[in-house]
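What the coordinates show
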2 protein chains.
Amino acid sequence: MNEYKFEDIKIGLTEKFNIDITEEMVNAFCKITGDINPLHNDLEFANKKGYEEKVVYGMLTSSFLSTLAGVYLPGKYSLIHEVNIIFKKPVFISDSPLEIQGTVIDINEAFKQFTIRYEIRNKNQVKVCRGTMKVGVLDE
Amino acid sequence: MNEYKFEDIKIGLTEKFNIDITEEMVNAFCKITGDINPLHNDLEFANKKGYEEKVVYGMLTSSFLSTLAGVYLPGKYSLIHEVNIIFKKPVFISDSPLEIQGTVIDINEAFKQFTIRYEIRNKNQVKVCRGTMKVGVLDE
């Protein structure tokens, strides 16, 4: 886990990691949230709607933003303030691994807060999700 | 599960449900995401940072937006396009149950998409999270 302090955060600082999305993760997300929507859980329904596989929950894909902030940028002293998410393409399990990359694009000294622009890409390097997050840095 | 079609979606339509956040859900979210940040997993660390309990992952709280769209508004034919999240207060397990409420505030006929304004409140009816989502409605 990274332990960037506020003074270590600079515009352009970038962190990146990969995640394998598995059927078990999709099932666990379903159990946590109670979101039993068939697009994510019923192949036949997904096929009927024009998808070759069940669609991975968008909010599961975006849950790795928790990891981006909490483990990588800034890591240990992270506290997420705001998140904006734009889903660009549906994600399938066969898209794994996803690559999550975030870059610091703004720093707010008054609030000890910085802004990350992030992108999530599938194994073919196609962008599936993008957006920004405002993250605070706790005192050490 | 609701099965609102696009033509059923009207400005002001509101759906609401409650969720109990448990230690097991926090642990499951940690396992899915790999976000091992101590604020969410180490009571002593959380205490040192001024919190009486471990802080529930913000992205876990917001994962119930998946349920809001996929089960309630519009339910079966949901596809989330965009999500904006503002975290207003830290959430603790003792804040359960959380109340998630969403209201339709805009409808885009061209994109078969509508906008939900949502609020998440703790058991004391204090707002912990708010924002908007753009959600598409799949053809039946």
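What counts and how
- Residues numbered from 1 in each chain as written.
- Chains lettered and ligands numbered in written order.
- Predicted model: local features only at pLDDT ≥ 70, side-chain atom pairs only at ≥ 80, totals over all residues.
- Contact = placed C-beta atoms within 7 Å.
- Helix = DSSP H or I, 4+ residues; strand = E, 2+ residues; numbered from the N terminus.
- Nonpolar A, V, L, I, M, F, W, Y, C, P; charged D, E, K, R; others polar.
- Pairing = 2+ DSSP bridges.
- Least-squares fit on C-alpha atoms with pLDDT ≥ 70 in both.
- Axes fitted to C-alpha atoms, helices over the stretch in contact; angles between N-to-C directions.
- Core = buried A, V, L, I, M, F, W, Y, C linked by C-beta atoms within 7 Å.
- Buried ≥ 20, exposed ≤ 12 C-beta atoms within 10 Å, placed from the backbone.
- pLDDT = per-residue confidence, 0-100.

1. What about the interface of chain A and chain B?
- Opposite the 34 residues of chain A that make contact, chain B presents 34 residues.
- Elements with a minimum of two residues in the side of chain A that touches chain B: helix H1 (23–33), helix H4 (58–61), helix H5 (64–72) and strand S2 (78–87) of chain A.
- Residue contributions to the side of chain A that touches chain B peak at nine residues, all from S2 of chain A.
- When its residues are assigned to classes, the side of chain A that touches chain B shows 18 nonpolar, 12 polar and four charged.
- As judged from the five bridges shared by S2 of chain A and strand S2 (residues 78–87) of chain B, these two strands associate in the antiparallel manner. Note on S2 of chain B: the bridge partner recorded for Ile86 of chain A is Glu82 of chain B.

2. A word on the pairing of strand S4 (residues 113–121) of chain A
Residue and element names in this part refer to chain A.
- As paired elements, strand S3 (residues 98–108) and S4 share nine bridges and run antiparallel to each other. Within the sheet, the bridge partner assigned to Asn108 lies in S4 and is Gln113.
- Counting the residues in the hairpin turn of S3 and S4 gives four residues, including Lys112, whose phi is positive at 45°.
- Across nine bridges, the pairing between S4 and strand S5 (residues 127–137) is antiparallel. Its bridge partner lying in S5, Tyr118 is registered against Gly131.

3. A word on the relation of the copies chain A and chain B
- Relative to chain B, chain A is turned by 180° and slid 0.0 Å along the rotation axis, the superposed coordinates differing by an RMSD of 0.0 Å. The superposition of one copy onto the other is thereby described by a two-fold rotation axis. Judged by C-alpha distance, Asn84 of chain A is the residue of chain A that lies nearest the rotation axis, at 2.2 Å.
- Both copies contact each other with a shared surface, as 100% of the interface residues of chain A are interface residues in chain B too.

4. A look at the sheet that holds strand S5 (residues 127–137) of chain B
- Ordered by their spatial adjacency, 10 strands build an open sheet running S1(A)-S3(A)-S4(A)-S5(A)-S2(A)-S2(B)-S5(B)-S4(B)-S3(B)-S1(B), and the pairing between neighbours is antiparallel. The open sheet has two edge strands with one neighbour each: strand S1 (14–19) of chain A together with strand S1 (14–19) of chain B. Direction aside, the axes of adjacent strands within the sheet are offset by 20° on average.

5. Here we look at the nonpolar core
- Grouped together as the largest cluster of nonpolar side chains are 70 residues, with contacts concentrated most on Leu65, Leu68 and Met133 of chain A together with Leu65, Leu68 and Met133 of chain B.
- Setting aside residues no more than four positions away along its own chain, Leu68 of chain A makes contact with Glu15, Leu73, Ile100, Gly102 and Tyr118 of chain A.

6. Digging into the confidence of the model for chain A
- Confidence along chain A averages 97 in pLDDT terms, with 100% of residues attaining 70 or more.
- Here the predicted complex carries an ipTM of 0.96, next to a pTM of 0.97.

7. So, the pairing of S5 of chain B
Residue and element names in this part refer to chain B.
- Of the pairings in the sheet, the one linking S2 to S5 comprises nine bridges and is antiparallel in character. Residue pairing for S5: Phe87 is matched across the bridge by Cys129.
- Counting the residues between successive antiparallel strands, the hairpin from strand S4 (residues 113–121) to S5 contains five residues, one of them, Gln125, with a positive phi of roughly 65°.

8. Brief notes about the environment of Leu43 of chain A
- Structurally, Leu43 of chain A can be placed in helix H3 (residues 43–48).
- Separated by 78 residues in sequence, Leu43 of chain A and Arg121 of chain A place their C-alpha atoms 23 Å apart.

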